[in-house]
Amino acid sequence: MAHVPDAPNMKLGICFLALIFFSLGFAQNACDREITGQVLDIDTNEPLPFATVSIKNTQIGAVSDESGHFTIKNVCDDEVDLEVRFLGYKTAIHHHDFHHSSPVIYMASDETMLESVVVEEKLNAHELKTLEPKNISINASDRSGSTAADLLAKSSGVSTLKTGQNVVKPIVHGLHSNRVLIINNGVRHAYQAWGNEHAPEIDPSQVDRIQLIKGASTVRYGPNALGGVILFDAPQPAYNQPISGGVGMGYQTNGRSISTELSVKQGYERHAWQVSINGTKQGDLKAPDYFLTNTGKEEFGYSLSSKHHFSWIDVDFYASHFQQELGLLRGSINGNLTDLANAIGATVPNETQDHFSYDINTPRQETVHDLFKLKFAIFVGEQQFDVQYAYQRNERREFDVRRGTNNDRPAIDLLLKTHTLDVDWDHPSRGNFAGTFGFQAFYQDNDNIPGTNTIPFVPNYNNSSIGVFGVESLTRGNTTYEAGIRYDFLNMNVRGRDSSNDIYRDNRNYQNFTFTAGLIHQFNEKLSIRTNIGTAWRSPNIGELFSFGRHQIRYEYGIWRYNLPPGGISTSSIFTKATENEQGIKWISTLHLQKTTFELEFTPYINRINNYFFIRPYGITNTVRGAFPYFLYDQTTALYYGADLDIRKKWNDQTEAELKASYVYAEDIRNDQPFIGIPPFNIQVEVSRRMGNFTFLLNPSWTARQNHAPPVIDAAQFLDSENVTFDQAVIFDFLAPPASFFLLNASIQYDRNDFIVKLTGDNLLNTSYRRYTDQYRYFADDLGTNFKIFLSYSF
């Protein structure tokens, strides 16, 4: 006998089918389609007016206006071949369908070896409209010798958290690590983000654009986006392109760094591919007055990508490999309490050598990150469904200064494997409504690799989560309203060993709803405002709960690995205390004024985070490995607020100037005290001038001293009395914030056809300074003068 579905399931199925057929009914009538786009110069990015854009082998077409925009009306076919012509430029042929609207055609002149390129935007963008990303274009000379976080550092509202020059992670509006979500080539980047000394393993040579979202974006991107989201986009292959590529080489005087990169790509009518390979070797860096011993690095990476277009589906494939060996300052490790007291704030770090070396000894980090991604864009009528699967494999080994043969063993050896699945549905616009619905699934397996001869710093764990979201926008006149909701469920399963080497286990479930609402209002052609308020959340990470023991330059204890009885601290067991999810709410607005030669953006924000996890100094411990500061994790209520300012002025066709300023204030409002490591006020100016084939740039900047900082209990006081008494709730620091400083950078670039030479000078005045957000500020100055030369050739 056939099984008959019960009535509730039948009703649910009927409703679902009705929704699909109702959505499919949005299809446009025949010959009622439009193609809109823009024609630009590939070298200058300037619009090309009066370019002819036509459908090949027909009389249907249009001419671009003064801004390069064009509109072709009364198109009947779903797919057409566009032919773009402009006097003195190479003709571009582009296969276009209505699942990819608004093509941007970059025309190459007859004098260059470059070919014209077409970039298509999707029919529906997945981003929140009221949190429009800040787009930052990255060229090869920017990438050479840099970290991924350094590429962002010149944006307002962004600074960097450093452990020296090799370990760098971005800070957005004062927040970093697990509070800033990183999307690498469309995939949520999975790494050991819980450590301040862990930089995201993103290959800078695989970045040609960065999108920065400063608002709380949890509804769209998932937990951890309390401070914002950073999207690193890799170069993409293009259809209808002959085989081409580029080769680049850079050299830096500070560290005697050599870097190279090579890329090759080719595109056919419906298929395209691209491959790239790169490497960097760097020796000891140098402060103005001494070498920074053991700060060399070696990096190697490669990638392969392809895209394939069919009438009803697009398929994208991407795979990459990136490995690093990063030296850490030898002077950050000290033998006893006296050495540590002398080292903190010393003029010259301990163990400093008087000569340069490419050798990388302990302490050091070794990381490997592999990414595999397969994405399908499925088109059903005017519907678009995006399905993406990604696998990531992240290896991390940290080597400390240890005795005997243990010096060659990693003190931390972790393998993190991550699977992600993303499904997005962009429903067709109906009237003034547009929106996106999505589902995300995430599974992680983190294991300690045996052989470290030490109790694991964090236990083995598995994370699994699912999330569903929906975002809708409504446009009425000059105003667009937007709202969204999301639900997430996360499970964390933990297996580890305590200080007695006994096994412990824990299993936790976390869940949360998040919301967002905002609007965009265009007052007139020149003035607009965006405002958004959104909630965000994240569960405690593995380090905040379970970290135990030495981690590079300090000892750390998670909330469940210590207890504070009267008169001391106990770390002998697991102390399961009450902890709550971090819950944030962030309001951000941007006032945008755009004139012909002048542009201004002012962005104030405020961010309150309940159950805020933070790490603070608690004392100094003497061990067989030496004397180290030790830090404890805690929870409180935090308030962040501040503002970013961007002003751009175009004086004439050759000269432009830009001013950027950022300020952030942060407070533990439960105990009325400041946090450690909040970026101070900074301001920078860029003045560029184009003269023939030369571009000159001057970049002065000033960073203030952080005056809103905790009190100081220096290491010498612990040396005098190992039983220093203080209020357990009071945050203190081992060293006062460094003085304000001024830096002067400049560059000269020469470009002719497909050849570019760029000379850059950083810290031209050879200023001695320390950054408040650099964890090595306790031991050493930052970099002295550095000259960089970069050469590239496109073929």
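Residues numbered from 1 in each chain as written. Predicted model: local features only at pLDDT ≥ 70, side-chain atom pairs only at ≥ 80, totals over all residues. Heavy atoms only, no water.

Moving on, we get to the overall build of the chain. In terms of helices and strands, the chain carries 6 helices and 41 strands. In terms of C-alpha radius of gyration, the chain reaches 28 Å, essentially the compact-globule figure of 28 Å for 795 residues. With the C-alpha coordinates of the chain rotated into their principal frame, the extents come out at 90 × 80 × 50 Å. Counting contacts in the chain only where the partners sit at least 6 residues apart, residues at least 24 apart contribute 65% of the total. Per element, the accessible surface of the chain, about 33,800 Å² overall, is 55% carbon and sulfur. Taking the 69 positively charged and 89 negatively charged side chains of the chain as two groups, their mean positions are separated by 3 Å. (Helix = DSSP H or I, 4+ residues; strand = E, 2+ residues; numbered from the N terminus. Rg over C-alpha atoms; globule rule 2.2 N^0.38 Å. Contact = heavy atoms within 4.5 Å. Areas by Shrake-Rupley, 256 points an atom, 1.4 Å probe, with all protein chains shown as cover. Lys, Arg positive; Asp, Glu negative; His and termini not counted. Charge placed at Lys NZ, Arg CZ, Asp CG, Glu CD.)

Right, let's talk about the side chain of aspartate 284 for a bit. As for its placement among the helices and strands, aspartate 284 is situated in the loop between strand S18 (271-282) and strand S19 (285-286). Although buried, aspartate 284 forms no salt bridge, and the nearest oppositely charged side chain, arginine 256, lies 9.3 Å from it. Polar side-chain contacts of aspartate 284 include one of 3.0 Å to the backbone nitrogen of asparagine 294. If we ignore the near neighbours within four places in the chain, the residues touching aspartate 284 are Gly255, Phe291, Leu292, Thr293, Asn294, Thr295, Gly296, His355, Phe356, Ser357 and Asp359. (Buried < 20%, exposed > 50% of the residue type's maximum accessible area, 1.4 Å probe, protein only. Salt bridge = Lys/Arg side-chain N within 4 Å of Asp/Glu carboxyl O. Polar contact = N/O pair within 3.5 Å; in protein donor to acceptor, adjacent residues only side chain to side chain.)

Further remarks concern the sheet that holds strand S5 (residues 79-85). Read from one edge to the other, the open sheet built from 4 strands follows the order S3-S2-S5-S6, with strand pairing classed as antiparallel. What marks the edges here is a single partner per strand, and that holds for strand S3 (61-63) and strand S6 (92-97). When strand polarity is set aside, the average angle formed by the axes of neighbouring strands in this sheet is 20 degrees. Note that strand S2 (residues 52-55) and S3 share 3 bridges and pair antiparallel. Within the sheet, the bridge partner assigned to valine 53 lies in S3 and is alanine 62. (Pairing = 2+ DSSP bridges. Axes fitted to C-alpha atoms, helices over the stretch in contact; angles between N-to-C directions.)

What follows is about the packing of aromatic side chains. Inspection of every chain in the model, using the stated rule, returns 28 aromatic pairs. Measuring from ring centre to ring centre gives 5.3 Å for phenylalanine 86 and tyrosine 89, while their planes differ by 65 degrees; the resulting arrangement is edge-to-face. A residue is classified by how much of its surface remains accessible, and phenylalanine 86, at 21% relative accessible area, is partly exposed. Clustering of aromatic rings is evident, with ring pairs tying together Phe548, Tyr557, Tyr618 and Tyr630. In this structure, arginine 220 packs its charged tip against the face of tyrosine 221, placed 5.1 Å from the ring centre. When the ring centre of phenylalanine 399 is taken as origin, the NZ or CZ atom of arginine 364, which lies over that ring, is 4.0 Å away. (Phe/Tyr/Trp six-rings, centres within 6.5 Å; stacked < 30°, edge-to-face > 60°. Lys NZ or Arg CZ within 6 Å of the ring centre and 35° of its normal.)

Summary: where empty space remains is shown by rolling a probe the size of a single water molecule over the atoms. Tallying each qualifying case throughout the model produces 7 cavities of 30 Å³ or more. Reported here for the largest cavity is a volume of approximately 650 Å³. Around the largest cavity sit 39 residues that line it, and His176, Asn196, Arg554, Ile615 and Ile676 are the ones nearest its centre. At the level of elements, strand S34 (598-623) and strand S35 (626-650) are the ones that each hand at least two residues to the lining of the largest cavity. At 5 residues, the largest contribution of residues to the lining of the largest cavity is made by S34. In terms of residue class, the lining of the largest cavity is built from 23 nonpolar, 9 polar and 7 charged. (1 Å grid on protein atoms, 1.4 Å probe; cavity = no way out; pocket = protein on both sides within 12 Å on 5 of 7 lines; lining within 4 Å. Points joined across faces, edges and corners; volume = space filled by probe spheres on them. Nonpolar A, V, L, I, M, F, W, Y, C, P; charged D, E, K, R; others polar.)

What follows covers the pattern of salt bridges. Within the structure shown, the criterion is met by 36 salt bridges. One salt bridge connects arginine 508 with aspartate 506, and the closest N-O pair in it is separated by 2.8 Å. Taking relative accessible area as the criterion, arginine 508 reaches 27% and is therefore assigned partly exposed. Salt-bridge contacts for arginine 777 lead to aspartate 733; the nearest nitrogen and oxygen are separated by 2.6 Å.

So, about the nonpolar core. The tendency in soluble globular proteins is for nonpolar side chains to be buried as a group. Leu292, Ile542, Phe734 and Phe779 are the most contacted members of the largest nonpolar core, which has 49 residues in total. Mapped by element, the contributors of at least two residues to this core are helix H4 (337-343), strand S25 (412-430), strand S28 (479-497), strand S29 (503-522), helix H5 (542-546), S34, S35 and helix H6 (715-720). Here the element with the most residues in this core is H4; it accounts for 4 residues. In contact with isoleucine 542, not counting residues within four places along its chain, are Trp194, Val458, Pro459, Tyr461, Met492, Val494 and Ser547. The next biggest cluster of nonpolar side chains, apart from the first, holds 45 residues, and it includes Ala193, Leu231, Ala536 and Phe614. (Core = buried A, V, L, I, M, F, W, Y, C linked by side-chain atoms within 4.5 Å.)

Another aspect to go through is the environment of asparagine 196. Within the secondary structure, asparagine 196 is located in the loop between strand S13 (187-188) and strand S14 (209-213). Its relative accessible area of 14% is what places asparagine 196 among the buried residues. When the C-alpha atoms of asparagine 196 and glutamine 775 are compared, they prove to be 8.9 Å apart, with 579 residues separating the residues in sequence. Excluding residues within four positions of it along the chain, asparagine 196 makes contact with Leu161, Thr163, Lys169, His176, Ser177, Arg554, Ile615 and Gln775.

Cis peptide bonds are those with omega within 30 degrees of zero, and the linkage from threonine 362 to proline 363 qualifies with 0 degrees. The topology assignment puts proline 363 in the loop between H4 and strand S23 (364-380). Its identity as a non-glycine residue notwithstanding, phenylalanine 50 has a phi of 70 degrees, on the positive side. Residue placement: phenylalanine 50 occurs in the loop between strand S1 (33-41) and S2. One non-glycine residue, aspartate 672, lies in the positive phi region at around 55 degrees. Mapped onto the fold, aspartate 672 is located in the loop between strand S36 (655-668) and strand S37 (682-691).

As a general point, the strands of a sheet are linked pairwise by backbone hydrogen bonds and lie either parallel or antiparallel. The strand order across the open sheet formed by 5 strands is S9-S14-S15-S12-S13, and the pairing between neighbours is mixed. Strands with a single pairing partner mark the edges of an open sheet, and in this sheet they are strand S9 (134-137) and S13.

With that out of the way, let us pick up the confidence of the model for the chain. Per-residue confidence for the chain gives a mean pLDDT of 88, with 92% of residues at or over 70. No element of the chain has a lower mean pLDDT than helix H1 (residues 7-24), which averages 44, and none a higher one than S19, which averages 97. In the predicted structure, residues 1-29 sits below a pLDDT of 50 and forms 13 contacts with residues beyond four places in sequence or in another chain. (pLDDT = per-residue confidence, 0-100.)

Moving on: the side chain of serine 64. Residue position: serine 64 is located in the loop between S3 and strand S4 (69-75). Every residue in contact with serine 64, bar those within four places of it in the chain, is listed here: Val39, Leu48, Pro49, Phe50, Ala51, His69 and Phe70.

The next thing to look at is the pairing of strand S41 (residues 786-794). Here 7 bridges tie strand S16 (residues 241-252) to S41, and the two strands are oriented antiparallel to one another. Counted as the bridge partner of glycine 248 is serine 792 from S41. Across 8 bridges, strand S40 (residues 755-762) lies against S41 in antiparallel orientation. Each residue of the ladder has a partner; that of aspartate 762, found in S41, is asparagine 786.

To continue, consider the environment of valine 387. Within the secondary structure layout, valine 387 lies in strand S24 (residues 383-399). Accessibility expressed as a relative area gives 25% for valine 387, which makes it partly exposed. Separated by 166 residues in the primary sequence, valine 387 and tyrosine 221 place their C-alpha atoms 15 Å from one another. The residues contacting valine 387, other than those within four sequence positions of it, are Leu374, Lys375, Phe376, Ile378, Leu421, Asp422 and Val423.

What follows deals with the pairing of strand S15 (residues 228-233). For S15, the buried fraction is high: 6 of the 6 residues fall into the buried class. Neither face of S15 is open: one carries Gly228, Ile230 and Phe232, the other Val229, Leu231 and Asp233, and all of them are buried. For strand S12 (residues 180-184) and S15, the ladder comprises 5 bridges, and the chain directions are parallel. Within S15, the position partnered with leucine 181 by the bridge is valine 229.

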